[in-house]
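Coordinates in review
Residue-level listing of the chains:
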Number of protein chains: 2
Amino acid sequence: MMVSTKGRYALTVMVDLARQEGDGFVSLADIADRENLSMKYLESIISILNKGGMLQSLRGKNGGYKLARKPEEYNISEILLLTEGTLAPVNCIMQDGVQCEKAATCSTLPLWAGLDKVIENYLSDITLEDIIIGNRKKMLGDYCGTCGSEN
Amino acid sequence: MMVSTKGRYALTVMVDLARQEGDGFVSLADIADRENLSMKYLESIISILNKGGMLQSLRGKNGGYKLARKPEEYNISEILLLTEGTLAPVNCIMQDGVQCEKAATCSTLPLWAGLDKVIENYLSDITLEDIIIGNRKKMLGDYCGTCGSEN
DNA sequence: TGCAAATCCTACCACCGAGGTAGGATTAAG
DNA sequence: CTTAATCCTACCTCGGTGGTAGGATTTGCA
């Protein structure tokens, strides 16, 4: 499993907040209730999002969270990268360049590097807005990174 | 991490065997020595490959393993799927159709399903032969599942 | 002024899979 | 009948996942 509940719930929270856009600050209790998730666990996850600059927060009564930018300005890759730490499919691939000592002669490395690239390309092309409007063409359609998407 | 050492080593073993094609049965000790991996651990991994019909084995002296088919007849997806059990990037995606009870109303499901598809498409298009000959174009080139690859 | 509602912060914990190791039983060549 | 190989079962350690607990702090409002 590449993406744990942490990343999945983080995305769920972001999508929920994107849906409430314009309603001011939304409390975590509301989000947890709507999404039927543990508020305590969500607390630790939303803290990462907040510290990572993804959100604006307001403490005290009537406080809560809201998106720092517009939904179309978030891509899924950055949300998952922040919460998961890495999206690399294998631990011999690091985000800041490869560091395995056998890298120079490893015949399987290009495969893993290519897989990493494919995943990154896919996730960085999809925004929160795409998820809200249900842009199934982009998500489920025949994905093609470089050619014009006419299907 | 989507692919553990089990899957990675399995692929390493398959590539090693593909390189020794035509040399008859190759002992696990030889493979472990060449790849500098624990023979004992490799034993449990190669057992999965063998039971899954990926290999032919011969017990006793001068025994060992060899590929059951030609290198170009294995795609990477089936090797990893056999050893890892699943390649799904999240645990709400199962190989035999989705089973999460919220699936019908889940707005993030198409994203995960699409990611799963992109990964599967990439890995099932690459063969053992591609790895041996170092087909970097296919592995690292701008991947495009549906259009002709002219880059 | 004080209560209530909210974020923020630090600990803690159980469980399970990853990544092996150990030791022997079985098979087959010579 | 020895040796070299696969095959099989059991076991172990460690760290990450997926939370929970309890309180400190901040702010709005009556």
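Residues numbered from 1 in each chain as written. Chains lettered and ligands numbered in written order. Predicted model: local features only at pLDDT ≥ 70, side-chain atom pairs only at ≥ 80, totals over all residues. Heavy atoms only, no water.

What follows is about the relation of the copies chain A and chain B. For these two chain copies, the linking operation is a rotation about an axis paired with a shift along it. The transform that puts chain A on chain B rotates by 180 degrees and translates by 0.0 Å along the axis, for an RMSD of 0.1 Å. The transformation just described matches what one would write down for a two-fold rotation axis. In this assembly the copies share their binding face: 100% of the residues contributing to the interface of chain A also contribute to that of chain B. (Least-squares fit on C-alpha atoms with pLDDT ≥ 70 in both. Contact = heavy atoms within 4.5 Å.)

Opposite the 42 residues of chain A that make contact, chain B presents 42 residues. Taken together, the two surfaces of chain A and chain B that pack against each other cover about 3700 Å², and 70% of this comes from carbon and sulfur. At the level of elements, α1 (5-19), α4 (76-84), α5 (109-124) and α7 (136-140) of chain A are the ones that each hand at least two residues to the side of chain A that touches chain B. Tallying contributions element by element places α5 of chain A first for the side of chain A that touches chain B, with 11 residues. Considering only residue class, the side of chain A that touches chain B consists of 27 nonpolar, 8 polar and 7 charged. (Buried area = accessible area lost by both parts, 1.4 Å probe. Helix = DSSP H or I, 4+ residues; strand = E, 2+ residues; numbered from the N terminus. Nonpolar A, V, L, I, M, F, W, Y, C, P; charged D, E, K, R; others polar.)

Let's shift gears to helix α2 (residues 28-35) of chain A. Residue and element names in this part refer to chain A. All buried positions along α2 are accounted for by L28, I31 and A32. Taken around the axis of α2, the buried residues stretch over an arc of 95 degrees, which confines them to a single face. Among the structural elements, α1, α3 (39-51) and β2 (64-67) are those in contact with the buried residues of α2. N36 occupies a position one or two residues after α2 and carries a positive phi of about 60 degrees. (Buried < 20%, exposed > 50% of the residue type's maximum accessible area, 1.4 Å probe, protein only. Arc of directions from axis to C-beta.)

A word on the confidence of the model for chain A. Mean pLDDT for chain A: 91, with 89% of residues reaching 70 or above. Here residues 143-151 of chain A scores under 50 on pLDDT; set against residues more than four positions off or in separate chains, the count is 15 contacts. (pLDDT = per-residue confidence, 0-100.)

Attention shifts here to the nonpolar core. Judged by nonpolar contacts, the single largest core of 87 residues is most densely connected at L111, W112 and L128 of chain A together with L111, W112 and L128 of chain B. Sequence-distant contacts of L128 of chain A, that is, excluding residues within four places in its chain, are made with L11, M14, V15, A18, L67, P71, Y74, I76 and I79 of chain A. (Core = buried A, V, L, I, M, F, W, Y, C linked by side-chain atoms within 4.5 Å.)

To continue, consider the pattern of salt bridges. All names here are of chain B. Inspection of the entire model under this criterion finds 8 salt bridges over all chains. One salt bridge in this structure joins D16 and R34, with 2.8 Å as the shortest N-O distance. Remark: R34 occurs in helix α2 (residues 28-35) and D16 occurs in helix α1 (residues 5-19); sequence separation between them is 18 residues. Assessed through its relative accessible area of 41%, R34 is described here as partly exposed. (Salt bridge = Lys/Arg side-chain N within 4 Å of Asp/Glu carboxyl O.)

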